[in-house]
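Spelled out from the first residue to the last, the chains are:
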Amino acid sequence: MTSQLNVDTIVDKAGSGGTNVKIGNTSVTVAEGGSATTTTVQGLNKAWHLAGNDSALTDSFNVSGGTDNGTGDYSYALSNSMNSANYSVAGVCAEDATRNQHTKARATGSYTVKHANLDNEAARDCANSSNVCGDLA
């Protein structure tokens, strides 16, 4: 027999308004239109960063630090590792539309990105950001 809980607000026992809610990795979210669904855990960013042109973090989630490997070449360490190196990293060079960013390497605990000019692929330093999607370990 299935059951359904209908509430407006979930609060902690003290009634202070805050609470921790845990959802399983099989939880499903219904799309805005109501017909499509997606697995909630699969649809979340697992990490992101915003960094300067020296890989120093301005802000981040699940990224513990950056390393400047040379001109336009930066590595970022994950606070919590990914399940495998088969995950997606999407990012941008935040300073100039004439530069691109591509993922140079992925490991379970880190990823490396490279920045270059669009016209001649010359490596360039730039402030950058990335989003990581995939399965956490």
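Just above sits the structure.
Below you will find a few notes about this structure.

Rules of the game
- Residues take numbers from 1 onward in each chain, read along the sequence in its written order.
- This being a predicted model, a pLDDT of at least 70 is required before a residue's local features are given, and a value of 80 or more before pairs of side-chain atoms are given or counted; all residues contribute to the totals for chains, interfaces and linings.
- Hydrogen atoms and water are omitted, and side-chain values are computed over all heavy atoms in the structure.
- In this description a helix means any DSSP run of H or I spanning at least four residues, a strand means any run of E spanning at least two, and both kinds are numbered starting from the N terminus.
- Each residue's exposure class comes from its accessible area (1.4 Å probe, protein chains only) as a fraction of the maximum for that residue type: buried when under 20%, exposed when over 50%, partly exposed otherwise.
- To form a nonpolar core, buried Ala, Val, Leu, Ile, Met, Phe, Trp, Tyr and Cys residues must be joined to one another through side-chain atoms within 4.5 Å.
- Whether two residues are in contact is decided by their heavy atoms, any of which lying within 4.5 Å being enough.
- For two strands to be treated as a pair, DSSP must find no fewer than two bridges joining them.
- Under this definition, polar contacts are N or O atom pairs within 3.5 Å; protein pairs additionally need one hydrogen-donor-capable and one acceptor-capable atom, and for neighbouring residues in sequence, both atoms have to be side-chain atoms.
- Salt bridges, as used here, are contacts in which a Lys or Arg side-chain nitrogen is within 4 Å of a carboxyl oxygen on Asp or Glu.
- Only residues whose relative accessible area exceeds 30% and that take part in no salt bridge are eligible for patches, with like-charged residues grouped when within 9 Å of each other and nonpolar side chains (Val, Leu, Ile, Met, Phe, Trp, Tyr) grouped when within 5 Å.
- For the area figures, the Shrake-Rupley method with a 1.4 Å probe applies, and any residue is considered shielded solely by the protein chains shown.
- In this description, a line fitted to the C-alpha atoms serves as the axis of each element, helices being fitted only across the stretch in contact, and the angle between N-to-C directions of two axes falls anywhere from 0 to 180 degrees.

**Some remarks on unusual backbone geometry**
Here is step 1: At S55, a residue that is not glycine, the phi angle is positive and equals roughly 75 degrees.
Here is step 2: Here S55 shows up in the loop between β3 (47–51) and β4 (57–61).
Here is step 3: Judged by relative accessible area, S55 falls into the buried class, the value being 3%.

**Quick word on the nonpolar core**
Here is step 1: In terms of nonpolar packing, the biggest core is built from 12 residues, these being A47, A51, V63, Y74, Y76, L78, M82, Y87, V89, Y111, V113 and V132.
Here is step 2: Of all the secondary-structure elements, those providing two or more residues to this core are β3, β6 (73–78) and β9 (110–117).
Here is step 3: For this core, the leading source of residues is β6, giving three residues.
Here is step 4: Not counting residues up to four positions away in its chain, the partners in contact with V89 are T103, R106, Y111, V113, S130, N131 and V132.

**Quick word on the pairing of strand β5 (residues 63–70)**
Here is step 1: In this sheet, β6 lies alongside β5 in antiparallel orientation, the contact comprising six bridges. Following the sheet pairing, G65 is matched in β6 by A77.
Here is step 2: Counting the residues that bridge the hairpin from β5 to β6 gives two residues, and of these G72 lies at a positive phi of roughly 70 degrees.

**Some thoughts on the side chain of Q101**
Here is step 1: Mapped onto the fold, Q101 is located in strand β8 (residues 99–107).
Here is step 2: Within the structure, Q101 has its side chain in polar contact with the side chain of H115 (distance 2.6 Å).
Here is step 3: Here S130 takes part through its side chain, which lies 2.8 Å from a polar atom of the side chain of Q101.

**Here's the deal with the pattern of salt bridges**
Here is step 1: Considering all chains together, one arrives at one salt bridge under this definition.
Here is step 2: Across the pair K104 and D73 runs a salt bridge whose closest N-O atoms are separated by 2.6 Å. Placement of K104 in strand β8 and of D73 in strand β6 is noted, with a sequence separation of 31 residues between them.

**Overview of a nonpolar patch on the surface**
Here is step 1: Where nonpolar side chains cluster on the molecular surface, the patch consists of L5, V7, I10, V21 and I23 and spans about 510 Å² of accessible area.
Here is step 2: With respect to the helices and strands, the residue V7 is situated in the segment before β1 (28–30).
Here is step 3: Overall, the relative accessible area of 47% leaves V7 in the partly exposed class.

**Focus: the sheet that holds strand β10 (residues 128–133)**
Here is step 1: What the four strands build is an open sheet, ordered β4-β3-β10-β7; its pairing is antiparallel. Only two strands of the sheet have a single neighbouring strand rather than two, namely β4 and β7 (88–93). Sheet twist, expressed as the mean angle between neighbouring strand axes with direction ignored, is 10 degrees.
Here is step 2: Two elements, β7 and β10, share six bridges in a ladder whose sense is antiparallel.

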